[in-house]
Structure formats: structure tokens, C-alpha cells
Amino acid sequence: MEEGKMDENEWGYHGEGNKSLVVAHAQRCVVLRFLKFPPNRKKTSEEIFQHLQNIVDFGKNVMKEFLGENYVHCGEVVQLPLEFVKQLCLKIQSERPESRCDKDLDTLSGYAMCLPNLTRLQTYRFAEHRPILCVEIKPKCGFIPFSSDVTHEMKHKVCRYCMHQHLKVATGKWRQISRYCPLDLYSGNKQRMHFALKSLLQEAQNNLKIFKNGELIYGCKDARSPVADWSELAHHLKPFFFPSNGLASGPHCTRAVIRELVHVITRVLLSGSDKGRAGTLRLGLGPQGPRVCEASPFSRSLRCQGKNTPERSGLPKGCLLYKTLQVQMLDLLDIEGLYPLYSRVERYLEEFPEERKTLQIDGPYDEAFYQKLLDLSTEDDGTVAFALTKVQQYRVAMTAKDCSIMIALSPCLQDASSDQRPVVPSSRSRFAFSVSVLDLDLKPYESIPHQYKLDGKIVNYYSKTVCAKDNAVMSTRFKESEDCTLVLHKV
Ligand SMILES: O=P(O)(O)O[C@@H]1[C@@H](OP(=O)(O)O)[C@H](OP(=O)(O)O)[C@H](O)[C@H](OP(=O)(O)O)[C@H]1OP(=O)(O)O
Ligand SMILES: Nc1ncnc2c1ncn2[C@@H]1O[C@H](COP(=O)(O)OP(=O)(O)OP(=O)(O)O)[C@@H](O)[C@H]1O
């Protein structure tokens, strides 16, 4: 990055989450990721630099180890001219969704992260001029807690995502309950995965975005966003999946295109394309807990039809979903079992505040930090060391529960040799693809009390409100049972 020559006109608003804002370069395949803060909570430049450097180090020393190096792009911290950042901030302000404007872009430090633009990622010998389609999925937590510390019975039956949906709709964050259940996506069972992806396409919330040539073409900003338009989406996707046409437009075409997309994404998600270092994942956490969530319309539909819960097909070990799930399962104790251990660390720090550095609460996230994460014992010997290990594992697990997966698809010719790049076929075309993971910022130690409170709120709301009205909810969801049955056809 030639920092002296930075021109804000070469950059455009790309997207943002709760904690960072991303701008993309118009020509080059790079993005800048800036931190955001509430207006009254400014940090010093040194603190911001350290925070960003910690993100890079955590990616390099921990997440690359767990997920594999091909999937993780750590980027680097860059220092930018303050005038450039100021002008850029003014330029993009009008494009920011209102719901995200409670936080301001950091324009004072001049630091940002420079990363490859994963929506335009050209791996191996992808031709520059080829169109590129990119699907971003934020899958969330893919397992039901198996910890014996869980006190709410409901948490052993219904996954957090499905329970949280009800609170989110009640508080106006989203308009309607999604039929997506992370356990379906993580099941490894193709039918369940198709159902999960179709549900994400129906109600994207902040769990699904689609980009064409780096531009967002499908996604949802907030509860006021217009209802998803599948025919418009199909119009964008048709040239990718039916390049030689032969398919009239209309509902039949829309369904065919969406089906192709869902099938291709499922295949990519099940592929183990990571050719990174061997033995990256040393966790080896076996499948634990229930394999279905009782609130998932898919499993409800099966039960309605008198069928058993589907077999656990299991995810192939090389695939990113499998690896992500393993990292999520570092949350061995659930927040209910973790919170007393957090309190133990807190008490220790109150007595010995100078120990915070030695305990690596705020980094450095180095090899030593990574090594300690590999201790999966759950035998509490009453020490601060045990409590700290569980706290750090929990933070890493929470990070994996909130990351996103980016799948880039670039059409390749039928007769092109695939050389090194992985290729996924669809009915009428083939795609070279890459899979990456983003938003791997380690969750802060300070967020644990919030997690604890939120967990209680989610479960209590679900138990009191939803279970009481269970029959009503069942009937609303089963207005759509025809749709559920459809996906159960052999594929
Ligand atoms: O708690 P959750 O599950 O609601 O997750 C939060 C996300 O909400 P979601 O449910 O995905 O809409 C939330 O996403 P949104 O702001 O809702 O798009 C953030 O990702 C938040 O992380 P952080 O505080 O910015 O580090 C996430 O908080 P963490 O729990 O990961 O700390
Ligand atoms: N390297 C990248 N290439 C392309 N797009 C990116 C990249 N990094 C982030 N984005 C886009 O910017 C959006 C916001 O980034 P990110 O998820 O990192 O923000 P965040 O504030 O950390 O998220 P959260 O709300 O989960 O805390 C992403 O959803 C994605 O669409």
C-alpha cells in the first residue's frame, strides 16, 4: 500500500458490522477494515494499533492453526494519512445503514487493517476479467450445549440461534423468525443443508449476503429492509448457472437457479479444500449433544410425518464447517459453567491487578497462548490457571460462533483443465472456488458478563413466551409445511 498516494476516490463503502467498517478499492482486490467506536469512547492511537495488531496475531497464531492456513487471511496493520481517512469517512457516511450509525469510524489513529477483498478473491489462475459470485454466510453456533452445568432444560433441546430469533423479533431487530437452524447447516446431511441454505435465502437477516463482482446484490440491512426478491436474485445468477441460457424466465427459472445455487454452496461447504499444513486441528472433539434442534422446521416436519430424526451424516473433517464447529466446541462448559470460573479470575485480578499482563488477558496472542488452548480437561482443580484456560477457550469459541464464511465462485470453461484449483460442478456449468473465513477478532474478556446475562434473557424469553404459545407457533410454521416436505424429496 503506497500510503503517500492514498486517494479516497479510489475507495468505496463495502460493508460493516458492529465493530468494524470495510471499504473496498475500486480496481485492486484489497479492502481496508477500520475499527468503530461509540462517539464518547475514543481510544488512543497506540491502543488502536495494539488492538489491530492483536487481531492479526490472533489470526496468525491461533485461527490459522485451528482452521488451516488457506482459509484464514490475516492481513496487516497499515498506517494511513489522516486526511485520507477523514475524507473517506465523509465520502461513505451517506451509504452507511442507519442502524449502524450508533458507532463512528475511527478517524483519529490513522490505523486500519489491509486485507484481500474476499468477495473478489482471485486464487490460482482465475482470469481477472471473469465474473465472480460470492456468498457470505454467518452460520452462528452449530451445536446444542452438552455441558452438565446447563440448568435450563430448554437449552438441551433448542439451539441458541433458534431461541434468540424470538427475542430479536420481539425487540424489533428483525421482522420475522427465520427458518434457518445452524444445526441443519452443520449436519453434513445434504437435505438438511439444502433446507438451511434455502431458509437463509428466504430470510437473510445478517446471516447471508451475496456479492457479484464485489458488489452486494442480496442481503438485508435491518427490519425495514424490503422483502427478499428471488426473481431479481435469479436474474443476477442465471448467467452463472445457465450460461448458454435455454431457460425461460419466470417462477420455474427462479426455482431452478436457486436450486443450483443451493446445491453448489452445499458441495463447496462439504469440500475439504484446505491443503494447508497437516494436522492443523488438534482438538479432536467428538460429536456431542443432540444432533437436531427441536425448533428447526426441518426436524419438526420429519416428526410431523412420523419419521425419525435424520441420521447424523457428519461433516468431512477437512471442511471449514467441521473445523469451525470444533473451535466452537471449545465452549465445553457453556456460559453457565464458565461464569463462576470467570468470577474466579476476576477475584484474582482484583487482588493482583498487575497479573493481567502475565495472564495474557489482552494478548499477546502468541504460540504460548495457542498451546494453552489445547488443554481440554474439565476437571476443576480450583486453580486460577484452570479457570483462565476455560475463559480463554470460551473467548475463542465465541469468536468461531460469530465468524463468517466467504465462498467465491468463478465460472470456468467445461474443457479447462482444473490444474491446482478446486472446481465444483453444477448442472450446466463449473466453478473454480475458494473458501475463506472472516471476522476472527477474539471476543473480549469483558464481554463475558454480558454473555451471561444475554443467555438468561434468551432462554427465559423463549421458555416463557414461546413455549406458552407453542401451539400457535407450530401452526404458523406449519403453514409452510408444504415447503418443508418439498426439500425432503431425493436430491
Ligand atoms: O450474541 P449474538 O449471538 O447476538 O452475536 C452478536 C451478533 O449478533 P447476531 O446475533 O449475529 O445478530 C452481532 O452482530 P450484529 O451487530 O447483530 O450484526 C455482533 O457480531 C456481535 O459481536 P461483537 O460484539 O460485534 O463482537 C455478536 O456478539 P457476540 O455474542 O459474538 O459477542
Ligand atoms: N476481507 C474482506 N473482504 C471482503 N469483504 C469483507 C472483508 N472483511 C469484511 N468484509 C465485509 O464487511 C462486513 C463487515 O465486516 P466484519 O464482519 O469483519 O465486521 P464486524 O463489525 O467485525 O462484524 P460483527 O458485527 O460480527 O462484529 C462483512 O460482513 C463482509 O461483508
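Since the model is a prediction, treat every value here as computed from it, not as a measurement.

1. Here we look at unusual backbone geometry
Working step 1: The omega torsion of the bond from G363 to P364 falls at 0°, within 30 degrees of zero and hence cis.
Working step 2: In this fold, P364 is placed in the loop between α10 (334-351) and α11 (367-373).
Working step 3: Even without glycine at this site, N213 takes up a positive phi of about 45°.
Working step 4: Locating N213 in the fold gives a position in the loop between β8 (208-212) and β9 (215-218).
Working step 5: Judged by relative accessible area, which is 39%, N213 ranks as partly exposed.
Working step 6: A positive phi angle is found at Q360, which is not glycine, with a value near 60°.
Working step 7: Within the secondary structure layout, Q360 lies in the loop between α10 and α11.

2. Regarding the site of ligand 1
Working step 1: Of all residues adjacent to ligand 1, which total 15 residues, the nearest are R100, K168, K173, K443 and Q451.
Working step 2: Within the side chain of K138, a nitrogen or oxygen atom sits 3.2 Å from an oxygen atom of ligand 1.
Working step 3: Contact between ligand 1 and Q451: an oxygen atom at 2.6 Å from a side-chain N or O atom of the residue.
Working step 4: When ligand 1 is considered free in solution it has 600 Å² of accessible area, and contact with the protein chains removes 85% of it.
Working step 5: Counting only elements with at least two residues in the shell around ligand 1, the list comes to α3 (160-170) and α13 (448-468).
Working step 6: With three residues, α3 is the single largest residue contributor to the shell around ligand 1.
Working step 7: Broken down by class, the residue content of the shell around ligand 1 amounts to two nonpolar, four polar and nine charged.
Working step 8: Per-domain counts for the shell around ligand 1 show at least three residues from each of domain 1 (8-117) and domain 2 (134-244 + 252-465).

3. Looking at α10
Working step 1: When the terminal C-alpha atoms of α10 are compared, their 26 Å separation across 18 residues agrees well with the 26 Å that a helix rising 1.5 Å per residue should span.
Working step 2: Turning to α10, its buried residues are D334, I335, E336, G337, L338, L341, Y342, R344, V345 and L349.
Working step 3: Against the buried residues of α10 lie α12 (384-401) and α13.

4. A word on the domain arrangement of the protein
Working step 1: Splitting the protein by domain gives domain 1 (8-117) and domain 2 (134-244 + 252-465).
Working step 2: Here the C-alpha centre of domain 2 lies 23 Å away from the C-alpha centre of domain 1.
Working step 3: With 23 residues of domain 1 in contact, the opposing surface of domain 2 contributes 42 residues.
Working step 4: In this assembly, domain 1 packs against domain 2 so that about 2,700 Å² is buried in total across both faces, 58% of it on carbon and sulfur atoms.
Working step 5: Three residues, E65, F66 and Y71, lead the burial of domain 1 against domain 2; their summed loss comes to 31% of the area buried on that side.
Working step 6: Seen at the junction of domain 1 and domain 2, the total is two salt bridges.
Working step 7: A salt bridge links D439 to R33; its shortest N-O distance comes to 3.3 Å.
Working step 8: The leading source of residues in the side of domain 1 that touches domain 2 is helix α1 (residues 45-67), at eleven residues.
Working step 9: When the residues that make up the side of domain 1 that touches domain 2 are grouped by side-chain class, the tally is nine nonpolar, seven polar and seven charged.

5. Focus on the sheet that holds strand β12 (residues 430-438)
Working step 1: A sheet is described by the order of its strands in space; here six strands give the open sequence β9-β8-β7-β10-β12-β11, paired in antiparallel fashion. What marks the edges here is a single partner per strand, and that holds for β9 and β11 (423-425). Sheet twist, expressed as the mean angle between neighbouring strand axes with direction ignored, is 35°.
Working step 2: Bridge count between β11 and β12: three bridges; the pairing is antiparallel. Note on β12: the bridge partner recorded for P425 is R430.
Working step 3: Contacts from helix α6 (residues 230-241) reach β7 (133-137), β8, β9, β10 (404-412) and β12 within the one sheet, and its direction differs from that of β9 by about 120°.

Parameters at a glance
- Residues numbered from 1 in each chain as written.
- Chains lettered and ligands numbered in written order.
- Predicted model: local features only at pLDDT ≥ 70, side-chain atom pairs only at ≥ 80, totals over all residues.
- Heavy atoms only, no water.
- Helix = DSSP H or I, 4+ residues; strand = E, 2+ residues; numbered from the N terminus.
- Buried < 20%, exposed > 50% of the residue type's maximum accessible area, 1.4 Å probe, protein only.
- Near = heavy atom within 4 Å.
- Polar contact = N/O pair within 3.5 Å; in protein donor to acceptor, adjacent residues only side chain to side chain.
- Areas by Shrake-Rupley, 256 points an atom, 1.4 Å probe, with all protein chains shown as cover.
- Nonpolar A, V, L, I, M, F, W, Y, C, P; charged D, E, K, R; others polar.
- Domains from an automatic or database assignment.
- Expected span 1.5 Å × (residues − 1).
- Contact = heavy atoms within 4.5 Å.
- Buried area = accessible area lost by both parts, 1.4 Å probe.
- Salt bridge = Lys/Arg side-chain N within 4 Å of Asp/Glu carboxyl O.
- Pairing = 2+ DSSP bridges.
- Axes fitted to C-alpha atoms, helices over the stretch in contact; angles between N-to-C directions.

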